[in-house]
Amino acid sequence: MIPTRRTLLAALAAVGTLASLTACAGGSAGSSGTAGGTYAFWDPYPQFDAASAWGKRVSRCGTEAGVTLKRTAYDTTDLGNKALLAAQQGNAPDVMLVDNPVVSTMVEAGILNKTSDLGLDTKSIQQNIIGAGAVDGAAYGVPIGANTLGLYYNKKVLSAAGVDPASVKDWSSLTAALQKVKSAGKKGITFSAIGTEEGSFQFLPWFWGAGGDLTELNSAKGVAALSLWKQWVDDGLAPKDVLQNTQTTSWQEFATGDYAFGENGTWQLGNADKAGFDYGVINIPAQNGGSAPVPTGGEFVTVPVQKDTARYDVTKKIVACLTSDANLLASDTTLTYVAPVAAVQAEQVKQNPKLKPWVAAVAAARGRTSGGLGTKYPTISQPLWTAVQAALSGGKSAQSALDTAQAGAQKG
């Protein structure tokens, strides 16, 4: 299907509201591939250059497919915008990794191929992971891997405050732990509440952990979640700079060693090992106990629509090289992602036991566009992160902020 200018422009506006979730920054421009031996490959990993393990992996997949891959790395939002513009101009890349909430927007714009039409096998992939890139039951990409959120904790800070991390089972026990830490002269919890998709991404476990529904932002359950965060900030259990914190700056705060807890993702494991103090990871607790649902992060390897359909034979080889069960271990070890396939996850945990809680968290994660939300998600997420900002800054009560957010989401 060739996308129309109208659908592309609408999609471009939607993608513009979504931001990077893994704190990637910067990117270099590039052009789409030319016919023949060069194929264009776009990804949202500008932190990895050509000499990195990831850069070499991409190059190797091109070689195995008998072509040269011209790799261009953008940050997540920039990649989505440029992909839609490239499709409008008829020069989309051959292979493109996109953040999972963007998949449905690109499908609506008509610029992605179904995996089934290309003959790509996705049977072994966990349903909740591939569901984040599916529309009307059809997959439009293959997940390269998944990441999600948990609570890192500083063992020394908790021990000094007399807190056993195993005692943190719900919101009340977590808040009690934060109060003990503050009384002991240390800092409680840091997270990202910035006014971008990162803020929504970090708030969702608490929102869903209260039983909240994204179609009803201002329910009592949603208000309970936002009130929790507001209480922490008002009581000094979380710093006021969470309003400006990205997931990267939030991690940097936790890495100072002064905080008991830091909400962050799988991708920080390498940094955690370099932090210089003993740490652990627990699942984010739901309001009344158990693990809260967490959002699925990670990218899908997609194949944009091409006028020259003969290119798809080589493209399929490139995608398979990156995502086949045999190759996922290498790809996800490079990216510090959890594989989307159970057998590969078992191998990952065998190699790195610290991934065990993350595998469990990913297995229970939810796609942000799942449940039929699709392209409606950006029009919900933006009012949601705006509400979080309004409440934590003291501008509005949690109820008032979410009432405004629900009205805005319904208009969107």
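Higher on the page you've got the structure.
Every value quoted in this text rests on a predicted model; they were computed, and no experiment measured them.

Let's shift gears to the overall build of the protein. Counting secondary structure elements, the protein contains 18 helices and eleven strands. Computed over C-alpha atoms, the radius of gyration of the protein comes to 21 Å, within 12% of the 22 Å expected from 2.2 N^0.38 for 412 residues, which places it in the range of a compact globule. Over its C-alpha atoms, taken along the principal directions, the protein stretches across nearly 65 × 50 × 35 Å. Looking at the protein residue by residue over its 412 residues, the buried ones come to 56%. Look at the contacts in the protein between residues 6 or more apart in sequence, and 77% of them connect residues 24 or more apart. With the model as given, the accessible surface of the protein reaches about 15800 Å², and the carbon-plus-sulfur share is 51%. Side-chain charges in the protein split into 33 positive and 32 negative, and the spacing between the mean points of these groups amounts to 1 Å.

The four strands lie next to each other as β8-β9-β7-β10, forming an open sheet whose pairing is mixed. Both outer strands of the open sheet, β8 (187-190) and β10 (279-282), are each paired with one neighbouring strand and no more. In this sheet, neighbouring strand axes are inclined to one another by 20° on average, regardless of whether the strands run parallel or antiparallel. Strand direction decides the pairing type here: β8 and strand β9 (residues 259-265), joined by three bridges, are parallel.

Mapped onto the fold, N100 is located in helix α4 (residues 100-108). Here N100 is in contact with A132, T296, G297, G298, E299, F300 and R368, once residues within four sequence places are set aside.

Phi is positive for D136, close to 55°, though the residue is something other than glycine. For D136, the location among the structural elements is in the loop between β4 (134-135) and β5 (138-139). Residue D136 is classed as exposed on the basis of its relative accessible area, which comes to 81%. Residues other than glycine seldom take positive phi values, yet T336 does so here, at roughly 55°. Along the chain, T336 falls in the loop between α14 (325-335) and α15 (342-351).

With that out of the way, let us pick up helix α2 (residues 53-64). Taking 1.5 Å as the rise per residue, α2 with twelve residues should run 16 Å; its terminal C-alpha atoms sit 16 Å apart, in good agreement. What α2 keeps buried is the set W54, G55, R57, V58, C61 and G62. Projected onto a plane normal to the axis of α2, the buried residues spread over an arc of 165° and lie on a single side. Residues of α2 that are exposed and point over 90 degrees away from its buried face: A53, T63 and E64. Among the structural elements, β1 (38-43), β2 (68-73), β3 (95-99), α13 (312-323) and α14 are those in contact with the buried residues of α2.

A word on the state of the cysteines. A complete count under the given rule lists one disulfide for this structure. Between the sulfur atoms of C61 and its disulfide mate C321 the distance is 2.1 Å. Its S-S torsion of about -75° marks the bond between C61 and C321 as left-handed, since a negative value means left-handed. Residue C61 is located in helix α2, and its partner C321 is located in helix α13; the two are separated by 260 residues in the primary sequence. Take C321: its relative accessible area is 7%, and that puts it in the buried class.

Most of β9 sits inside the fold, with seven of its seven residues counted as buried. Direction of pairing for strand β7 (residues 149-154) relative to β9: antiparallel, over a ladder of five bridges. Note that in β9 the partner of L151 across the bridge is E263.

For Q202, the position within the fold is in helix α9 (residues 197-209). Note on Q202: relative accessible area 0%, which makes it buried. Remark: the alpha-carbon pair of Q202 and G265, spanning 63 residues in sequence, is separated by 9.5 Å. When neighbours within four sequence positions are excluded, Q202 is seen to be in contact with L149, F191, S192, W229, Q247, E263 and N264. At 2.7 Å, the side chain of Q202 forms a polar contact with the backbone nitrogen of S192.

Reading guide: rules and limits
Residues numbered from 1 in each chain as written. Predicted model: local features only at pLDDT ≥ 70, side-chain atom pairs only at ≥ 80, totals over all residues. Heavy atoms only, no water. Helix = DSSP H or I, 4+ residues; strand = E, 2+ residues; numbered from the N terminus. Rg over C-alpha atoms; globule rule 2.2 N^0.38 Å. Buried < 20%, exposed > 50% of the residue type's maximum accessible area, 1.4 Å probe, protein only. Contact = heavy atoms within 4.5 Å. Areas by Shrake-Rupley, 256 points an atom, 1.4 Å probe, with all protein chains shown as cover. Lys, Arg positive; Asp, Glu negative; His and termini not counted. Charge placed at Lys NZ, Arg CZ, Asp CG, Glu CD. Pairing = 2+ DSSP bridges. Axes fitted to C-alpha atoms, helices over the stretch in contact; angles between N-to-C directions. Expected span 1.5 Å × (residues − 1). Arc of directions from axis to C-beta. Disulfide = S-S within 2.5 Å. Polar contact = N/O pair within 3.5 Å; in protein donor to acceptor, adjacent residues only side chain to side chain.

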